[in-house]
Structure formats: structure tokens, C-alpha cells
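Geometric and topological summary
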Amino acid sequence: SGVKALIDVGRPFLDYVISVLADVGVDEVCLVIGPEHDVLREYAARVSGGRVTVTTAVQTEPLGTADAVAAARDFAGEQRVIVINSDNYYPREALAALAAAPGSALVGFDRTALVERSNIPADRIRAFALVATDPTGLLTDIVEKPDEPTLAAYGEDAPVSMNAWLFTPAIFDACSRIQPSVRGELEIIDAVRLLIAEQEPFTVVPAAVGVLDMSSRGDVAAVQEALAGIEVRL
């Protein structure tokens, strides 16, 4: 999905994504790219060196989301990393709360707020992964593509995931120990489930905000309008 992040919304969409990360204190960004994505390599070199150092890591083959995260292992070293989709714009307050969480964490997005404030159709939001928590707010499971009975059982207030994660370096070892899913891919959610089973706590950070989605060129007008008042500083 990397090249979608460069779609022009007055300036490249990724400019906004990186600027808001800098706003919450991130000063190093790594773009995980395919071997063919020279345009993203050039982009990283062009925008790096201001508030943020931007580098790339290559995912040799598209083997799944866990494999993409594993590509950033050398970049992360011993530090925690925020992992997000490059074609989503998450607002500052959600990322600030995520960055402030202890250990590992996930943003749990409020579905009503997403429907009202995102450019994402409600039927797509209904298909987002449900986030299950224990009474203390720790993640217990993620239910992907929930069916209607599952949605009903969890209730309208159950938060959803939009892949805004904070990981400790333990994630990289977990990514190396999972098996491909039924889709034949190495999935980050399976690596998270493995860590949860091994008692690694994941804080679910609640956020009642909208998220902008750059799925296709058809999203440009809505995204451009929503970003119009936001200052970019790279």
C-alpha cells in the first residue's frame, strides 16, 4: 500500500502522516517498502533531516503484516516503536495517547466517532477488527471481520482496531515464531496473540476520533478537505 501514501492531497499524503508523528515526539521514521518502491526511497531521502530522520527497510516479499514489521527490526533496535498504516492519517490526540502508554499498546477507536468523523463508509467500519479488553483495559483478543452475531454480542461500544500499535522489541521475536494464517500470510495479530498468551500486557488506548483513509484516488477530495487546516512541518 506504500505508494498510495504518496497520493497528492495538496502535498503528498505521507507528509501529513510524518508531520503528526513528529508532533507527538517521534524523531525517527522507517518506511517499510517493497524492493520495487524506488519512489519511496527517493521520498525518504528528500524529507529526512528536519524534525524527523526518515529511512526505509525492505520487505523482500509481501508475506504479510508480521513480515513487514519484522523488516524494521534493525531500525527499532532496543527501542519501542509505533507501527501504523502509511495510508491512514491518525489525529494527533490518538497518537499522543498511544506514545504515552506503558509497554505495548493499541489504539481502540470508538466506532461512532469513526462513522461521524472519518471518510470511511459505515459498512466498512462494521467489518473492522473488534478489540476485546479485560476490566483493567488490557487487550485480551482481536476479532477480525466480525459477523453480525459477534457484533451484537460485543455491543456498539466495543472499540475497533485500525492498526495503530506501540510495540516493545518483543514483537520481533514473536513475528519469527508464528505460522502463516489461513490466508497464507504472516499476520501481526497472530504475533500479538502469541505475546498476550505469554502474558505481555497490551494497553488499549481509547480514542473517539476520526481517521482519514487513503484507499484510492477516489478518497482524495474528502481527505484534502479534512487536512486543509493542518500545518505540516517535516
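Everything that follows concerns the structure shown earlier in this document.
Residues numbered from 1 in each chain as written. Predicted model: local features only at pLDDT ≥ 70, side-chain atom pairs only at ≥ 80, totals over all residues. Heavy atoms only, no water.

Okay, a negative patch on the surface next. Among the surface-exposed residues, D110, E116, E156 and D157 lie close enough to one another that they form a single negatively charged patch. Tracing the backbone shows D157 in the loop between α8 (148–154) and β8 (165–167). (Patch = residues over 30% accessible without salt bridge, like charges linked within 9 Å, V, L, I, M, F, W, Y side chains within 5 Å. Areas by Shrake-Rupley, 256 points an atom, 1.4 Å probe, with all protein chains shown as cover. Salt bridge = Lys/Arg side-chain N within 4 Å of Asp/Glu carboxyl O. Lys, Arg positive; Asp, Glu negative; His and termini not counted. Charge placed at Lys NZ, Arg CZ, Asp CG, Glu CD. Helix = DSSP H or I, 4+ residues; strand = E, 2+ residues; numbered from the N terminus.)

Our next topic: the side chain of S118. You can see S118 is positioned in the loop between α6 (111–117) and α7 (122–126). Within the structure, S118 has its side chain in polar contact with the backbone nitrogen of V211 (distance 2.9 Å). If we ignore the near neighbours within four places in the chain, the residues touching S118 are A113, G210 and V211. (Polar contact = N/O pair within 3.5 Å; in protein donor to acceptor, adjacent residues only side chain to side chain. Contact = heavy atoms within 4.5 Å.)

This next bit is on the pairing of strand β5 (residues 104–109). Every other side chain in a regular strand lies on the same face of the sheet, so the side chains alternate between the two faces. Of all six residues making up β5, six are buried, and the element is well covered by its neighbours. By the alternation rule, side chains of β5 split into S104, L106 and G108 and A105, V107 and F109, which are all buried. One ladder, built from six bridges, connects β5 with strand β9 (residues 202–207); its direction is parallel. Across the sheet, L106 pairs through a bridge with V204, a residue of β9. Taken together, the two bridges between β5 and β8 define a ladder with antiparallel strand orientation. Pairing of A105 across the sheet is with L166, part of β8. (Buried < 20%, exposed > 50% of the residue type's maximum accessible area, 1.4 Å probe, protein only. Pairing = 2+ DSSP bridges.)

Turning our attention to the packing of aromatic side chains. Under the counting rule described, the total for this entry stands at four aromatic pairs. A centroid spacing of 6.3 Å and a plane angle of 75° characterise the contact between F167 and F202, whose relative ring orientation is edge-to-face. In this pair, F167 is assigned in strand β8 and F202 in strand β9, connecting sequence segments 35 residues apart. Note on accessibility: F167 and F202 belong to one class, buried. An aromatic cluster of three or more residues is present, and its members are W165, F167 and F202. (Phe/Tyr/Trp six-rings, centres within 6.5 Å; stacked < 30°, edge-to-face > 60°.)

Attention now goes to the sheet that holds strand β3 (residues 81–83). Read across the open sheet, the four strands follow the order β3-β8-β5-β9; overall the sheet is mixed. Strands at the two margins of the open sheet, each flanked by one partner only, are β3 and β9. Averaged over all pairs of adjacent strands, the angle between strand axes in this sheet comes to 20°, irrespective of strand direction. (Axes fitted to C-alpha atoms, helices over the stretch in contact; angles between N-to-C directions.)

Let us look at the state of the cysteines. Considering all chains together, one arrives at zero disulfides under this definition. For C30, which is in no disulfide, the shortest distance to another cysteine sulfur is to C175 and amounts to 14 Å. On the basis of relative accessible area, C175 is assigned to the buried category, the value being 7%. (Disulfide = S-S within 2.5 Å.)

Now for the packing of helix α1 (residues 13–23) against helix α2 (residues 38–47). Between α1 and α2, the least distance of the axes is 12 Å, while the angle of their chain directions is 50°. Between α1 and α2, the angle is such that the two are oblique. Helix-helix and strand crossings are classified by hand; for α1 and α2 the assignment is right-handed. Contacts between α1 and α2 involve L14, D15 and I18 on the former and, on the latter, L40, Y43 and V47. Grouping the constituent residues of the contact of α1 with α2 by class yields five nonpolar, no polar and one charged. (Parallel < 35°, antiparallel > 145°, perpendicular 65-115°, else oblique. Left-handed = near helix turned anticlockwise from the far one by under 90°. Nonpolar A, V, L, I, M, F, W, Y, C, P; charged D, E, K, R; others polar.)

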